[in-house]
Amino acid sequence: MIGYYIHHHGLGHLHRARCVARHARTPVTGLSCLPRPADWTGEWIRLPSDAGQEAGAADPTAHGRLHWVPLHHTGLRARMGAIASWIERTAPTLLVSDVSVEVATMARLMGVPVMVSAMRGDRSDPAHRLAYDIADALLAPWPATLPEPDWPPEWHAKAVCTGAFSRYDGRPRVERRPTRRQVLVLLGSGGTTVQEDDVRKAAEATPGWDWIALGGAGNWTEDPWPLLCQADVVVTHAGQNAVAECAAARTPALVVPQERPHDEQHATARALAAAGIATVRTRWPAPHEWPQLLTTVRQAGGRRWRQWAPGDGAAQAGRLLDELAATVSPRESPACALP
């Protein structure tokens, strides 16, 4: 039995878990306060929420050593108790944390091997160092040719780079129907500095293009795949899943990273720019920049997305789960290359 802890912020953690779990032969139990997905075939443990402050709750970082352990927090106590009870009852052979330093640490304290879903950016804070140090393996959803440059050697040694993967890997492309050139803007759900007025001004500056915006305070769709395939250019933030979905569609992209803890999106954007996989701008372009910029991005094409997302990353991750659950020691290849 494998336990898979799925953080509730946004939907990216859930999308990754669904992709990986369906490729694992070992039964996988989801542990999350999110509702059970319709396509989840294993057990699902709905956890109590530990969000928000409570009267008397204090020192949420344990003097800077952890991320979220406020004192006397009833939600936190119930949540960790539910996970501990499940571990006690089922004796899992592996726990995957995507992502919680505290859940990874508790599982390891209970004698359970741990795999941590790694993230780009500066993870040198004490809490991340603890989680990455105690992990038996680090699942790195990026190519081995583009490792994190500041990781210590011991993290590289136990990281398995699968390349990016998404819920759309292997899905047939939707044939193009639009008669005009089309821009798809992905704003995400984690907060953005891009406002509706910014998109409107960009559209006004490019009268030969049709603009569609998803996310933020705008429109949402459960299945953006047809729009990703039909777009001539995607303008996206640098969130792990948004980038992976652009890569799956092989659509030319302009990536504008947003501010996130630990500089995560800027680290992803730097890797994409270094490899020439996508066009990157560190800020939303001014209206007069858009006509030439869209032409440049479109002409660059999406061929290099294959380097970022080979298409079998989730299958590789599923095999890794099975191997870790059986042996604790991950396979040697394809390990992340040292910088």
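Here's what I pulled together on the structure shown here. (Residues numbered from 1 in each chain as written. Predicted model: local features only at pLDDT ≥ 70, side-chain atom pairs only at ≥ 80, totals over all residues. Heavy atoms only, no water.)

1. Description of the sheet that holds strand β9 (residues 209-214)
Using the following cut-off: One requirement defines pairing of two strands: DSSP has to find at least two bridges between them. A run of H or I in DSSP counts as a helix once it spans at least four residues, and a run of E counts as a strand once it spans at least two, with each numbered from the N terminus.
Here five strands make up an open sheet; going across it, the order is β9-β8-β10-β11-β12 and the pairing parallel. Among the strands making up the open sheet, the edge pair consists of β9 and β12 (279-280). Bridging between strand β10 (residues 233-236) and strand β11 (residues 253-255) involves three bridges; their strand directions are parallel. By the bridge assignment for β11, Val 235 is matched with Leu 254.

2. Points about the environment of Pro 141
Of note, Pro 141 is situated in the loop between β6 (137-140) and α5 (153-158). A sequence separation of 74 residues divides Pro 141 from Gly 215, and the C-alpha atoms of the two residues are 23 Å apart.

3. Thoughts on the packing of aromatic side chains
Where we set the bar: Each Phe, Tyr or Trp ring (for Trp, its six-membered ring) is paired with any other whose centre lies within 6.5 Å, and the angle between the two planes then decides the class: stacked below 30 degrees, edge-to-face above 60, tilted in between. A 1.4 Å probe rolled over the protein chains alone gives each residue an accessible area, and that area as a share of the maximum for its type sets the label: buried under 20%, exposed over 50%, partly exposed in between. Charge-over-ring placement is defined geometrically: NZ (Lys) or CZ (Arg) within 6 Å of the ring centre, and within 35 degrees of the ring normal.
Taken as a whole, this structure holds eight aromatic pairs when the rule is applied. With a centroid separation of 4.9 Å and an interplanar angle of 35°, the aromatic rings of Tyr 168 and Trp 225 are classed as tilted. Within this pair, whereas Tyr 168 is found in the loop between β7 (159-161) and β8 (181-186), its partner Trp 225 is found in helix α7 (residues 225-230), the two being separated by 57 residues in sequence. The same class applies to Tyr 168 and to Trp 225, which are both buried. Taken together through their ring pairs, the aromatic side chains of Tyr 132, Trp 142, Trp 151 and Trp 155 make up a single cluster. Across from the ring centre of Trp 142, 4.5 Å away, lies the NZ or CZ of Arg 120, which sits over that ring.

4. Points about the pairing of β6
The condition is simple: Place the viewer so that the strands point away; then a crossover is right-handed whenever the path from the first strand over the helix to the second strand goes clockwise.
Residues Ala 137 and Leu 139 line one face of β6 and the alternating positions Leu 138 and Ala 140 line the opposite face, and both faces are buried. In this sheet, β6 lies alongside strand β5 (residues 114-117) in parallel orientation, the contact comprising three bridges. Pairing of Ser 117 across the sheet is with Leu 139, part of β6. You can see the chain leave β5, run along helix α4 (residues 126-134) and come back into β6, and the turn it takes is right-handed. With three bridges joining them, β6 and β7 adopt parallel strand pairing. Each residue of the ladder has a partner; that of Ala 140, found in β7, is Cys 161. Considered for its hand, the β-α-β crossover made up of β6, α5 and β7 is right-handed.

5. A closer look at the packing of helix α3 (residues 101-109) against α4
So the rule is basically this: Axis lines are fitted to C-alpha atoms, over the contacting stretch for helices. Their N-to-C directions set the angle, which ranges from 0 to 180 degrees. Oblique is the label for every angle not falling under 35 degrees (roughly parallel), over 145 degrees (roughly antiparallel), or within 65 to 115 degrees (roughly perpendicular). By definition, any crossing whose near helix is turned counterclockwise from its far helix by less than a right angle is left-handed, and any crossing with a clockwise turn is right-handed. Whether two residues are in contact is decided by their heavy atoms: any pair within 4.5 Å suffices. All amino acids are sorted into three groups, where Ala, Val, Leu, Ile, Met, Phe, Trp, Tyr, Cys and Pro are nonpolar, Asp, Glu, Lys and Arg are charged, and the leftover types, Gly among them, are polar.
Running from N to C, α3 and α4 point in directions that differ by 40°, and their axes come no closer than 9 Å. With respect to α4, the axis of α3 lies oblique. Between α3 and α4 lies a crossing of left-handed hand. Of α4, the residues touching α3 (which contributes Val 101, Ala 104, Thr 105 and Arg 108) are Ala 127, His 128, Leu 130, Ala 131 and Ile 134. Residues of the contact of α3 with α4, tallied by class, amount to six nonpolar, two polar and one charged.

6. A short note on helix α8 (residues 240-249)
Across the 10 residues that make up α8, a large majority, 10, are buried. Listed in full, the buried residues belonging to α8 are Gln 240, Asn 241, Ala 242, Val 243, Ala 244, Glu 245, Cys 246, Ala 247, Ala 248 and Ala 249. Buried positions along α8 lie against α1 (12-21), β8, α7, β10, α9 (264-274) and α11 (305-308).

7. Describing the sheet that holds strand β1 (residues 2-6)
Picture the strands of a sheet paired through backbone hydrogen bonds; they go either parallel or antiparallel. Sheet architecture is open: seven strands sit in the order β3-β2-β1-β4-β5-β6-β7, paired in parallel fashion. Looking at the sheet topology across the chains shown, the edges are occupied by β3 (44-46) and β7. Taken pair by pair, the neighbouring strands of this sheet meet at an average axis angle of 20°, ignoring direction. Taken together, the three bridges between strand β2 (residues 28-32) and β3 define a ladder with parallel strand orientation. Bridging across to β3, Leu 31 finds its partner in Ile 45.

8. Focus on the pattern of salt bridges
The condition that has to hold: Here, a salt bridge means any Lys or Arg side-chain nitrogen found within 4 Å of an Asp or Glu carboxyl oxygen.
On inspection of all chains with the given rule, the structure shows 17 salt bridges. The salt bridge involving Asp 50 is made with Arg 79; its shortest N-O contact spans 3.7 Å. With a gap of 29 residues between them, Asp 50 in the loop between β3 and α2 (74-90) and Arg 79 in helix α2 connect regions that are remote in the sequence. For the residue pair Asp 50 and Arg 79, the accessibility class agrees, reading buried in each case. Between Glu 264 and Arg 123 there is a salt bridge, with the nearest N and O atoms lying 3.4 Å from each other. Of this pair, Glu 264 sits in helix α9 while Arg 123 sits in the loop between β5 and α4, and the two are 141 residues apart along the sequence. When salt bridges with common partners are traced through the structure, they connect Asp 197, Arg 200, Lys 201 and Glu 204 into a single cluster.

9. What to know about the nonpolar core
Keep this limit in mind: Residue types Ala, Val, Leu, Ile, Met, Phe, Trp, Tyr and Cys, when buried and joined through side-chain atoms within 4.5 Å, form a set referred to as a nonpolar core.
Within the largest apolar cluster, 65 residues are counted, with the highest numbers of intra-cluster contacts made by Tyr 132, Leu 138, Leu 228, Trp 305 and Trp 308. Residues in contact with Trp 308, not counting those within four places in the same chain, are Arg 120, Trp 142, Pro 143, Leu 146, Gly 163, Ala 164, Val 243, Ala 247, Thr 268, Ala 271, Leu 272 and Ile 277. Counting residues in hydrophobic clusters, the runner-up holds 26 residues, among them Tyr 4, Ala 24, Leu 94 and Leu 324.

Any functional reading would require information that these geometric values do not contain.
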